[in-house]
Amino acid sequence: MTLNAFELTAWQPTQKHFLLKEQADSLYKAQQWAEALALFHQLKNLSSSDSDRASLLSKIARSYFNLSRIDDAIEAYEESLHIRSQYLPATDTLLAPTYAMLGYLYRYYKYDDRKALLNYRQQAHCIEDHPESFDAQTSFYNAYNLATTYRLIEDHEMGLNYAYKALQIAHNENNDGFRSLSYSVMANLYNALNQNEKAIAAYQAKIELTPASSKTATELVTDYNNMATAYLDLNRTTEAEHALQQAIDLQQGKPISARIWLIYGNLRVKQNRPTAANRLYNNALNNSNSNREKAVIHAQIGRAYEDHNHLHQAISHYNLAIELETKEMLGEAVSLSEVSTPNPFLFRVQSHLARSKVTLFKTSSEYHWLKEALDSYDRLLDFAGRQREQFVTEQAKLAFQGYAHNHYESALEALFLSKDSLPAEEVWNKAWAYMEDSKAQDLLESIGRAKNYAFIAVSDSILQAESDLRDKLVRLTASLQACEVSACPDSLIINRRRQLLQINEDLEQIRLLVEEQYPTYHQALAGSKAISLDDYAKQMENNQTIMYFMGQHYVYYLAIAGNRGAFGRQPIDHQFTQELNNFQNLVHHRLLFANRESVDFRTFTNSAYALYTKLIPSGFKGSSQQLTIIPDGALNQLPFEALLTRLPSHKTINYKSLDYLIHQKEIAYAFSAAQLLSQIRAQTTTKPAKVIAFGEPASQEFSSLKGSTTELQYIKESVKNSRFYRGPAATKAEWLQSVKSDHNILHLALHASADTLTPLYSSIYFSQGENTNNRLQLYELYESGIRSQLVILSACETGRGKWQKGEGVLSLSKGFSYANNPNLIMSLWKVADRATAELFKQFYREIAAGQPVGNSLRQAKLQYLNRADELSAHPANWAGFIQLGNARQTFEPAPQQSRAYWLLALALTTIGMVVLKKARTKKDNILEPRL
């Protein structure tokens, strides 16, 4: 029965509550949402139980949803969660359906993929904590939703982890429907990662699992469309067209979808048929049903116009894409500056729009296009930072940095073209922001995290737990990288991705725990953000700094010294590329032309001088100043101290008489400006040097390092407080123990190798121990906890590795930087054994005398040049070691030794040099490299 208000007030509260609930539930089941909603609100106001109010709010939210009142539905669901959180654990099974529904609403109605992700992950935590309470279907769809949502925010590696988790559930349940969905999202993720062959294989597996019928026609059409896109990315146009025809056949006379028209348009663009492409794109627009779909089509049309240099049309379509996407997100079209939620699609479209405006300026000379482009790039810089913050995996962050790197080149081009129309300080600040944001962000974040934890005194147990997890993470990442090189079975990949998934989730829980238990975490975090040019200039007032950005067409440079600056660029043309290659080949390999030393000498001097004139701005070629180089791209392998400040006046082969840049400047290097300042600020109170050194490794894999014996002896002569591990004692196990002891310099005179294909497997080789292998690999360094003030990698190729756009060279030296060591000396090529020993002999003498690290290395190189003859003075023998980080670091001078001690040391050194000189032949001038 239905009661009126008077009758209700006459009833006792319990009876009134019971009848209202019965009536509301009846209306709810009958899908009379508005009527049920009104009664549920009355019941909520009458209820005194938190549990009852939370349950009622869930029904209120569901009613709002069915009435298409999405904002009200979200508010009710979140209020329900808030109430239940007062008396239930965050992962209680009762909360899982609410998390799932909020994830769905945020993703499909509010287009807030980040909030959707957070709720889906909370649902995943409920499932993980109470697996017995959830069926396979719930677990599967949670993994599937997470995979697809990670794809939307372009964290594709994390998406793949969940896709493989979904596939594992499908295999366990022997459910072809689940398998089909898993292969579908997996294929889309591989497509986004440009692993198109794997994408096509996954699409084919999915199609084979889907029987052709009227019920599955739409699904199969989508699969064939996606497969066609993958074929197009591989330029396999015939197979792409075949896949599209399969999709059309499945339409069975129905109107062709917008997606098919769009891909057909892309195909015609690939076939260089722009007129046909435009007709097909218009068909796609006419058949599209949503603002988001229209936005994607307009962006694709804009890209086609941009590729064919029809820039006005391209700009028009890009603007329409932005307008439609923002309207879809916020309900109305707004400018990009008003969009606070990271959106990868908008980032891509806006960057293409800005690039089109730059190109249009170059053809029209209308400055307003350039100004608009610069405004866009300024917004994109902020946008990129927010986009980067949402990624979970290191792979996703690196991939995004590589993508953003390409657009920073366009930003720098726009800035260069407008530099005569802007104040010099504004140009320098913008160039600084673009270049600095393109460098070593992952490294900076790693170091910033360590500093933050130290600032807020995070407990040892949390630090150890995170360190163990990150160690496992890099090991698994390395093994998956190896699977990219050699095929691994699906079962192995599924297992490894499942482990990766769990580790990333555990790391996220640690981060949340730190934020909860340490309220000052965000205060510390604020100190690890990128620094301004003004802050850097104040810290480095007596230093010259040149920062480089190596793009596809130009090398851009920004030189700073106090209040002076210079911003410019050098074309990467055939001549520059040849000069760079010649110089690097000659200093790395000593000989370019067999038995043609005079040709080599002339080639070297011409290249070294040409690079000096092109890479060092004219106003920064003065003497008696420190110079910091922040390189990029191929310049990471360039020893600037070996450049020539003028050509020789003679043609005689004499490397000793050349005017190297090292004669004028003390040169140090850095991965990024922010990291350099972090290293300088990390400098502790100077103490006498305490060295731990490893050398003379006992190994059957490599030749004997005769020079390392001398090298360690020289350290012993100069630094009294030293510990040495030689021969069979120089094991990895000893290293793992010794680096935890009291020391401030770590010296490794060992063999090393750079794996440029799988960088995380680059290795330093110790003596073979009983219970451990003898290889220390790059991935082991990331969380090794080494805390040396100076690490010297007196092994070959410790600075070589794979160049990752936006992050730099993934080398052994970078591994020590990830471990937060403020100062490094590393090698760029296979080092001459005896020359290395002599170099570090003088280096440690300078260190023991209290000289800064940067000047000590410079003086060691100059002393080597003074002692060398005209051939052994070749830069291959002394320029291979460079210093990264705080060049100002000093150690307290060693106590003065007695006069008799120094006289004896001098006598022994003189005798040794005489013996060495007699033994040396002309062939010895090309010294044997340390492998």
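Our subject is the structure that appears above.
Scoring rules and cut-offs
Residue positions within a chain follow its written sequence, with the count starting from 1. Thresholds applied to this predicted model are a pLDDT of at least 70 for local features of residues and 80 or more for the giving and counting of side-chain atom pairs; totals over whole chains, interfaces and linings are not thresholded and use all residues. Each side-chain value is worked out from all heavy atoms of the structure, with water and hydrogens disregarded. Put simply, DSSP H or I for four residues or longer makes a helix, DSSP E for two residues or longer makes a strand, and each gets a number counted from the N terminus. Burial here depends on accessible area, computed with a 1.4 Å probe over protein chains only, as a share of the maximum for the residue type. Under 20% is buried, over 50% is exposed, and the range in between is partly exposed. In what follows, a contact means two residues having at least one pair of non-hydrogen atoms within 4.5 Å. Stacked, tilted and edge-to-face are the three classes applied to pairs of Phe, Tyr and Trp rings, where Trp contributes its six-membered ring and a pair requires centres within 6.5 Å; stacked means planes under 30 degrees apart, edge-to-face means over 60, and tilted covers the rest. Two conditions define a charge sitting above a ring: the NZ of Lys or the CZ of Arg must be within 6 Å of the ring centre, and it must be within 35 degrees of the ring normal. A pocket here means an open set of points on a 1 Å grid, computed over the protein atoms alone, that has protein on both sides within 12 Å along at least five of seven lines. A cavity is instead a set of points where a 1.4 Å probe fits but cannot get out; residues with an atom within 4 Å of a point line either one. Grid points are joined across faces, edges and corners, and a volume is the space filled by probe spheres set on the points. By the convention adopted, Pro, Cys, Tyr, Trp, Phe, Met, Ile, Leu, Val and Ala count as nonpolar, Lys, Arg, Asp and Glu as charged, and the other residues, Gly among them, as polar. Axis definition: a line fitted to C-alpha atoms, over the contacting stretch in the case of helices. Angles run 0 to 180 degrees between N-to-C directions. Here roughly perpendicular refers to angles of 65 to 115 degrees, roughly parallel to angles under 35, roughly antiparallel to angles over 145, and oblique to all remaining angles. By the definition used in this description, the sense in which the near helix is turned from the far one sets the handedness, with an anticlockwise turn below a right angle giving left-handed and a clockwise turn giving right-handed.

Draft legend 1. Seen up close, the environment of L280. With respect to the helices and strands, the residue L280 is situated in helix α15 (residues 274-286). Overall, the relative accessible area of 9% leaves L280 in the buried class. As a C-alpha pair, L280 and A258 span 22 residues in sequence and 9.2 Å in three-dimensional space. Among residues more than four places away in sequence, those in contact with L280 are W261, Y264, G265 and R268.

Draft legend 2. Inspection of the packing of aromatic side chains at higher detail. Enumeration over the complete set of coordinates arrives at 28 aromatic pairs. Between the aromatic rings of F694 and F766, the centroid separation amounts to 5.6 Å while the plane-to-plane angle is 90°, which identifies the pairing as edge-to-face. Taken together, the positions of F694 in strand β6 (residues 691-697) and F766 in the loop between β10 (763-765) and β11 (775-777) put the pair 72 residues apart, joining distant regions of the chain. Relative accessible area serves as the criterion here: at 0%, F766 is assigned to the buried category. Taking NZ or CZ as reference, R569 lies 3.7 Å from the ring centre of Y554, over its face. Its guanidinium or amino end placed over the ring of F724, R726 lies 5.1 Å from that ring's centre, counting from NZ or CZ.

Draft legend 3. Spotlight on empty space enclosed by the protein. Counted under the stated rule, the structure contains eight cavities of 30 Å³ or more. Along the walls of the largest cavity sit 13 residues, with M540, N543, Q626, T628 and A887 positioned nearest its centre. At the level of elements, β4 (625-630), β5 (665-669) and α29 (673-681) are the ones that each hand at least two residues to the lining of the largest cavity. The greatest single-element share of the lining of the largest cavity, amounting to three residues, is contributed by β4. A breakdown of the residues in the lining of the largest cavity according to their chemical character gives six nonpolar, five polar and two charged.

Draft legend 4. The arrangement of the packing of helix α8 (residues 136-152) against helix α10 (residues 176-192) in detail. Following both chains from N to C, one finds α8 and α10 inclined at 15°, their axes separated by 10 Å at the closest point. Comparing their axes, α10 and α8 come out roughly parallel. Crossing of α8 against α10: the hand is left-handed. Contacts between α8 and α10 involve A136, Q137, F140, Y141, Y144, A147, T148 and R151 on the former and, on the latter, F178, L181, S182, V185, N188 and L189. Classifying every residue of the contact of α8 with α10 by side-chain character gives nine nonpolar, four polar and one charged.

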